[in-house]
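Secondary and tertiary structure notes
For reference, the chains in residue letters:
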Amino acid sequence: MKVLIVGGSGFLGGELVRRCAAEGHEVGATYLTRPGDPARARWLRLDVRDRHDVTTVLDAFAPEVTINAAYRSSDWASTADGAAHVAAGVARTGGRMVQVSSDAIFSGAVARYDETCPPDPVSPYGAAKAAAETAVRAVLPGAAVARTSLIVGHGASAHEALVHSLVAGSRTGVLFTDDVRCPVHVSDLAQALVEAAVRGCSGVLHVAGADALSRYDLGVLIARRDGLDPARLRTGRRAGSGVPGPLEVRLNCSATRRRLATRLRGAREFLSPPA
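Let me sum up the structure you'll find in this document. (Residues numbered from 1 in each chain as written. Predicted model: local features only at pLDDT ≥ 70, side-chain atom pairs only at ≥ 80, totals over all residues. Heavy atoms only, no water.)

A look at the nonpolar core
- Ile-5, Leu-12, Leu-16, Val-17, Ile-67, Leu-193 and Val-207 are the most contacted members of the largest nonpolar core, which has 32 residues in total.
- Mapped by element, the contributors of at least two residues to this core are strand E1 (2–6), helix H1 (11–22), strand E2 (26–31), strand E4 (65–68), strand E5 (96–102), strand E6 (144–148), helix H6 (186–199) and strand E11 (203–207).
- Tallying contributions element by element places H6 first for this core, with eight residues.
- Within the second largest apolar cluster, 19 residues are counted, among which are Val-6, Val-86, Val-90 and Leu-140. (Core = buried A, V, L, I, M, F, W, Y, C linked by side-chain atoms within 4.5 Å. Buried < 20%, exposed > 50% of the residue type's maximum accessible area, 1.4 Å probe, protein only. Helix = DSSP H or I, 4+ residues; strand = E, 2+ residues; numbered from the N terminus.)

Brief notes about the environment of Pro-38
- Inspection of the secondary structure assignment puts Pro-38 in the loop between E2 and strand E3 (42–45).
- A relative accessible area of 67% means that Pro-38 is categorised as exposed.
- Note: C-alpha distance between Pro-38 and Ile-67 (29 residues apart in sequence) is 19 Å.

Description of the environment of Ser-73
- Tracing the backbone shows Ser-73 in the loop between E4 and helix H3 (76–93).
- In the structure, Ser-73 is positioned 51 residues away from Pro-124 in sequence and 8.4 Å away in space, judged by C-alpha atoms.

Quick look at the pattern of salt bridges
- Following the criterion strictly, the structure yields 19 salt bridges and no others.
- Asp-179 is paired through a salt bridge with Arg-181; the nearest N and O atoms lie 2.9 Å apart.
- Classification of Asp-179 as buried rests on a relative accessible area of 0%.
- Counted as one network, the salt bridges with shared partners bring together Asp-103, Asp-179, Arg-181, Arg-215 and Arg-238. (Salt bridge = Lys/Arg side-chain N within 4 Å of Asp/Glu carboxyl O.)

Side note on the side chain of Ser-101
- Here Ser-101 lies in strand E5.
- Residue class for Ser-101 comes out buried when judged on its relative accessible area of 3%.
- Among the polar contacts made by the side chain of Ser-101, one reaches the side chain of Glu-133 at a distance of 2.7 Å.
- If near-sequence neighbours (up to four positions away) are discounted, Ser-101 is found in contact with Lys-129, Glu-133, Val-145, Ala-146, Arg-147 and Thr-148. (Polar contact = N/O pair within 3.5 Å; in protein donor to acceptor, adjacent residues only side chain to side chain. Contact = heavy atoms within 4.5 Å.)

Considerations on unusual backbone geometry
- Phi angles above zero are rare outside glycine, and Ala-62 is one such case at about 50°.
- As for its placement among the helices and strands, Ala-62 is situated in the loop between helix H2 (51–61) and E4.
- A positive phi angle is found at His-154, which is not glycine, with a value near 65°.
- In this structure, His-154 sits in the loop between strand E7 (151–152) and helix H5 (158–168).
- By relative accessible area, which is 52% here, His-154 ends up exposed.

The following block contains the structure:
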């Protein structure tokens, strides 16, 4: 299959490139400033904020399926407008699309969110992701929208780096005890997204880990896995901190698990210390 990974130079994008290449797909991957391994993909420079740029890249590569993993948490144009531009480009060239979304689209007002729940964002990033979902589904009703949670794995995620720097004392800060998510391993997430692309899934998918954990509890698991002292991690509360966004967001992935064969492990499993 001919697959285009938009945002291929990012953390999730890089894992998608590796998995698609390993499965024998013809892979195109986009980057803004720095391309990845040329042995795994044809690298294409792309600024998703530029609709003409998106059209040019999609016309040139002509993918059968496009997975959009591009975003910038503080940039509406990259996250929302960019997704709309990619959807319009896919509609023009043909093929399918998988849009990567986020649990940030929810407020945390209900106990668990399943695949039927509409967005109710309370942060600018959540609003941008919700707008991206709306644009993609309006332009491409047959697209898949995959909502995920905090992505970790291979020691390469932002949260893992934060834990290491907090333990080492090279960075000051706290890990919130009241900020709860369902962390997912980047390899599990990439496998699920590629499976959804190959199967031609449409509609909303929830692709998150099986365990709901606070950011502090997640940090403790990371520290223990890596042989660090979790006692060096300071705790705090997000409520009242002024940090925008929801507190507890638990994704119910039951319907998605019935559709996909990929097993989405919980963080307690994939972060367990080596035997």
